[in-house]
Amino acid sequence: MTKDTQFTVGDYLAERLSQIGIINHFVVPGDYNLKLLDYLEYHPKLSEIGCCNELNCAFAAEGYARAHGIAAAVVTYSVGALTAFDGIGGAYAENLPVILISGAPNTNDLNSSHILHHTIGTHNFDYQMDIAKNLTVAAVALRRAAEAPRLIDHALRQAILQHKPVYIEVPTNMATQPCAKPGPISAVIEPETSDKPSLEQATDVAADLIAKSEKPIMLAGPKLRAAGAEKAFLKLAEALDAAVVVQPSAKGFISEEFKNYAGVYWGLASTRAADKIGDFADFFIGAGTVFNDYTSNGYKVGPSAEQFIDSDYMHVTLPGYEFTRVKMDEFLGRLADKVSKKNATMVEYARIKPALLNYAPANPKELLTREELMRQIQGVIDGNTTLYAETGDSWFNGMQMNLPEGAKFEIEMQWGHIGWSVPSALGYAVAAPNRRTVIMVGDGSFQLTGQELAQMVLHKLPVIIFLINNRGYTIEIQIHDGPYNRIKNWDYAAFMESFNAEDGKAKGLKANTGEELEQAIQIALANKEGPTLIECYNHTDDCTKELVEWGSTVGATNARAPAPDN
């Protein structure tokens, strides 16, 4: 490829992606984006990662954003972007700034009478943009080169400020068009700050409410990490000396070795007696919380509005008050300066705190059980591990894992897309190659996106995949059972090794007993040249009691009869 000497729209986009910190971008080529991909390739600080399909591409980008803070995916028009939108919906739900860049038809065709390939066969070429507007916080189409710098900067800034995905549409003839060079990157990345009078009044009101309470507790939610407010949250926890619990989507955001940590707050699925200390508390101080039907056990878990302070990215909600332009980390940090010690929940928690879950070793010759499988996976987790818990019983098994200092945890509870973990972990491992990335995924979920293991083989990423083969969609069985929840079995270990072809170093292993699993884990830990998949036997009925109870609650919530006015 030979690059033109003039500075173009493609150059501008590439430079801005690099300036906001992106190193790797994820792509599926198509004829509408090929010239743009050339310009991204020309940039010396950008490197592409190819993906098997556009759904996986979007999920790989959101995994990269989890580890790196921001990400980009590049796909072709319509047949590519419509598939990618599924993963972009997940990025929106999970508060991850992913930049979806789509090729588009030549500008000369957009207002013509032409019928184009990769379209629905009409003269309407706006349907993709219409969808994008509902799945992103900014959607722009670069129809004129002179407008491209402004539109690109606007989209990137919104992704950064709102911690959500954005969409940039680039016609196939636009990447080559000359445009202005970029100005200072501070115009894009400069953070918002609080309105000082609003910050002071919000923290005054909050401090007064906390002073009037007797048993406050702190609750971390899934938006805490996106807001970059973890340190401010801990500062407030230290000042109050109150118990700290986390929502399931926020597991790993607060060190589980923090002295005030009291577990995952999830009703019947809570860990470390977090539900009991939550019931004991008389006031909740939340940070970035989300109570949906899943995390609230069918709207049965959570504080009342009168007992609850919650801070979002740029606003704070208190009983009787709403303050806008108050940034979460600034609110929590300033509030820490205004409160006094209120440790009643910690005193009570010291009395009721259970021992950490610790499964006894099983007979190594017997068939593998869920408990033995989880006991051995726990042994793999160290301070340099990131554990992925796929949608399903892995959610509940993951909640029960004890994370040592430095360990991280990834979950997708708002979007809840089965199959998310494998491509997302690809993106994560690309962004954090020095961490040990471990996936717990069921066979049903794996069948949706398992081909992305090929990219782990190509890039020699030593991801460890525990494939829990229980012959079906176990989470769906517990919500509402039927024959549709049983699936065709695969030889997953052989599937893994099929990607090696002539040069790969992946390992595909099977474990039907505890002894076989122990041996397989040692092989996996020693394999630094590619991924290792361990296909683990697990009986369909051998699932957590928390999944059974939660599934029953969700099933009942789903089955509610229509209200009379519906």
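Everything below is about the structure shown above.
Residues numbered from 1 in each chain as written. Predicted model: local features only at pLDDT ≥ 70, side-chain atom pairs only at ≥ 80, totals over all residues. Heavy atoms only, no water.

## A few points about the pairing of strand 13 (residues 321-324)
- Here strand 12 (residues 315-318) runs beside strand 13; their pairing, made up of four bridges, is antiparallel. Across the sheet, threonine 317 pairs through a bridge with glutamate 322, a residue of strand 13. (Pairing = 2+ DSSP bridges. Helix = DSSP H or I, 4+ residues; strand = E, 2+ residues; numbered from the N terminus.)

## Describing unusual backbone geometry
- One non-glycine residue, aspartate 241, lies in the positive phi region at around 55 degrees.
- When you line up the elements, aspartate 241 lands in the loop between helix 10 (230-240) and strand 8 (244-246).
- For aspartate 241, a relative accessible area of 16% translates into the label buried.
- Unusually for a residue other than glycine, alanine 501 sits at a positive phi of about 50 degrees.
- With respect to the helices and strands, alanine 501 occurs in the loop between helix 20 (492-498) and strand 18 (507-511). (Buried < 20%, exposed > 50% of the residue type's maximum accessible area, 1.4 Å probe, protein only.)

## Observations concerning the packing of helix 1 (residues 9-19) against helix 2 (residues 34-42)
- Between helix 1 and helix 2, the least distance of the axes is 9 Å, while the angle of their chain directions is 50 degrees. By the angle between their directions, the pair helix 1 and helix 2 is classed as oblique. For the pair helix 1 and helix 2, the crossing hand works out as right-handed. Contacts between helix 1 and helix 2 involve Gly10, Asp11, Leu13, Ala14 and Leu17 on the former and, on the latter, Leu36, Tyr39 and Leu40.
- Taken together, the residues of the contact of helix 1 with helix 2 sort by class into six nonpolar, one polar and one charged. (Axes fitted to C-alpha atoms, helices over the stretch in contact; angles between N-to-C directions. Parallel < 35°, antiparallel > 145°, perpendicular 65-115°, else oblique. Left-handed = near helix turned anticlockwise from the far one by under 90°. Contact = heavy atoms within 4.5 Å. Nonpolar A, V, L, I, M, F, W, Y, C, P; charged D, E, K, R; others polar.)

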